[in-house]
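# Coordinates in review
Below, each chain spelled out in residue letters.
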Amino acid sequence: CRTDGKPGQQEKFLFYRGVGTFDLPLSVKLEGENVVLKNLAKDEITNLVIFENRGGKIGYRLCDAFTGEMTHERPVLDKNMDSLLADLKQILVASGLYEKEATAMIKTWRDSWFEEGMRVFYILPRKTTDEILPVTIEPRPSELVRILVGRAEVITPQMEKSVQQQISLLRDSSPEVRAAAMQEIRKYGRFSEPILKRRLEQESDARIRSLISKLIESSGAEADVAKN
């Protein structure tokens, strides 16, 4: 909106994201082929989705509201994107969004939500949302619906092994092989950074350490672009 008489912007739907410093209400650990979930808050967490994209194959598991701790098997990679989008849309609508709002929300973050890797999506309790992101609107609306979707990223053994294998190829005498290895590492985006940092601590070869450092810098830059 504008107060100087000039035309202002109008937004039909408003979504925002940022880097938070608050404690997350959900702990996620991968133990073998099981995903261990622990609710660290007092209020129950509703509508939780365990998702994995491994080499373009997709799997997900829907979980009911829970408090305390629960364990689920890792998703079988036998689903498709259409069914996932339909189920996720239904969850958002059941949480209070209008159908068009749910569709727009998924479209806004589709590229980062469903890329390669494993992650857990969950709807935070409204009480937690209001505490984390207090909002004041004047004049006060007759109804205010707020949906905060949490996302926990999980580094899988397969992903870590793949990055480690590509790092070993950085010693290859062929420039093409080294370039392909670096490209493979980059495809994991922000997932690659913690793996690379751990490998950097163990690497003694100065040349490889330099290449790993460059990859870490580039993955950090890509993450910053994704946030903006």
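Throughout what follows, the structure given in this document is the object of discussion. Everything numeric here is computed off the predicted structure, so don't read it as measured data.

Counting 20 residues, the largest nonpolar core has Phe-51, Leu-84, Leu-92, Ile-106, Trp-113 and Phe-114 as the members making the most contacts within it. Among the elements of the structure, β3 (46-54), β4 (57-63), α1 (81-94), α2 (99-113) and β6 (117-123) are those that each provide at least two residues to this core. Considering every element that reaches this core, the biggest residue donor is α1, with 6 residues. If we ignore the near neighbours within four places in the chain, the residues touching Leu-92 are Leu-97, Ala-102, Met-105, Ile-106, Ile-123, Ile-147 and Val-149.

Quick look at the pattern of salt bridges now. According to the stated counting rule, one finds 14 salt bridges in the structure shown. With a closest N to O distance of 3.1 Å, Lys-197 and Glu-193 form a salt bridge. Of this pair, Lys-197 and Glu-193 both sit in helix α6 (residues 192-202), 4 residues apart, roughly one helical turn. Residue classification places Lys-197 among the partly exposed residues on the basis of a relative accessible area of 43%. Residue Glu-193 is classed as buried on the basis of its relative accessible area, which comes to 19%. With its nearest N and O atoms 3.2 Å apart, the salt bridge here joins Glu-203 to Arg-199. In this structure, a network of salt bridges that share partners links the residues Glu-33, Glu-52, Arg-54 and Arg-74.

Thresholds applied
- Residues numbered from 1 in each chain as written.
- Predicted model: local features only at pLDDT ≥ 70, side-chain atom pairs only at ≥ 80, totals over all residues.
- Heavy atoms only, no water.
- Core = buried A, V, L, I, M, F, W, Y, C linked by side-chain atoms within 4.5 Å.
- Buried < 20%, exposed > 50% of the residue type's maximum accessible area, 1.4 Å probe, protein only.
- Helix = DSSP H or I, 4+ residues; strand = E, 2+ residues; numbered from the N terminus.
- Contact = heavy atoms within 4.5 Å.
- Salt bridge = Lys/Arg side-chain N within 4 Å of Asp/Glu carboxyl O.

Don't take any of this as a statement about function, it's just geometry.
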